[in-house]
Amino acid sequence: MPAPPPGKLPKDYDKLPVPQPQATSVRKRDPKLLAVIDPVKCFGRGCEYCIAVCPVPDCITLVPDPQAPTLHVCSVNYDTCIGCMACEKWCPDDYDAIRMLPFAQVIKDREAYETPTFSVDIPYE
Ligand code: SF4
Ligand code: SF4
C-alpha cells in the first residue's frame with residue numbers, strides 16, 4: 001500500500017492489519033452484512049485503506065466516479081464481500097464513507113447500492 005499523505009494518517013495506522021488473502025474468494029454462505037461505500041463521501045479521498053485491509057482479493061476496487069468519470073472511487077463486489085467490517089473500521093472517521101448494511105436490503109435493490117449507479121441515502125449518525 002502506498003504511504004498515505006502526511007497529516008492524513010488515521011489513528012493506529014501502524015496497527016493496520018495485513019490483508020490475509022483467502023484460499024478462495026468464493027464465499028460459502030451469504031453474509032449477514034455487506035459493506036456499502038457512499039461514492040460522494042469516498043470521492044477524492046484516494047486513501048484506499050479499505051482496499052489495503054480487505055481480506056478478500058479484488059473485493060474492493062477502484063471504479064470511475066459516477067459524478068466525475070475521470071476520477072475514481074471505491075466499489076465493493078457484493079458477490080464476494082464476506083461482511084467482515086474491516087473496511088468500515090479503517091475508513092477514516094472524517095471520511096466515513098462505508099456502512100455495513102443488511103445483505104437482503106442491499107441485494108434486493110442492488111443497482112441502487114452499486115457504486116456506478118449509487119442512488120441511496122445512507123444513514124449517518
Ligand atoms: S466487509 Fe470485509 S470483505 Fe467486505 S468489502 Fe469490507 S473488508 Fe472486504
Ligand atoms: S472508502 Fe474510505 S477507506 Fe476507502 S478510499 Fe474511500 S475514504 Fe478511503
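The structure this text deals with has already been given above.
Described below are features of the structure shown in this document.

How each quantity is defined
The numbering scheme is per chain: residues are counted from 1 as the chain's sequence reads. Chains and ligands are labelled sequentially in the order written, the chains with letters from A and the ligands with numbers from 1. It should be noted that, the model being predicted, local features are given only for residues of pLDDT at least 70 and side-chain atom pairs only at 80 or more, the latter also being counted only at that level, while totals for whole chains, interfaces and linings use all residues. What counts as a helix is a DSSP run of H or I of at least four residues, what counts as a strand is a run of E of at least two, and both are numbered from the N terminus. The burial label depends on the number of other C-beta atoms within 10 Å of a residue's C-beta. Counts of 20 or more mean buried, 12 or fewer mean exposed, and intermediate counts mean partly exposed, with C-beta atoms placed from the backbone. It is the C-beta atoms, placed from the backbone, that decide contacts: two residues are in contact if theirs lie within 7 Å. Each residue gets a C-beta atom placed from its backbone. Should that atom fall within 6 Å of a molecule or strand, the residue is termed near it. Ten residue types, Ala, Val, Leu, Ile, Met, Phe, Trp, Tyr, Cys and Pro, are classed as nonpolar, four, Asp, Glu, Lys and Arg, as charged, and the remainder, Gly among them, as polar.

## What to know about the overall build of the protein
On a plain count of helices and strands, the protein comes out with five helices and four strands. In sequence order, the protein lays out its α and β elements as β-α-α-β-β-α-β-α-α. With 125 residues in all, the protein has 25% of them scored as buried. Pairs at least 24 apart in sequence give 76% of the contacts found in the protein among residues at least 6 apart.

## Brief notes about the site of ligand 1
Surrounding ligand 1, one finds 14 residues, the nearest of these being A35, C54, C81, C84 and C87. Here the shell around ligand 1 is built from residues that sort into 13 nonpolar, one polar and no charged.

## Thoughts on unusual backbone geometry
Positive phi, close to 60°, is recorded for E48, a residue that is not glycine. Here E48 is to be found in the loop between α1 (39-42) and α2 (49-53). For M85, which is not glycine, the phi dihedral falls at a positive 75°. Examined against the element boundaries, M85 turns out to sit in the loop between β3 (72-76) and α3 (86-90).

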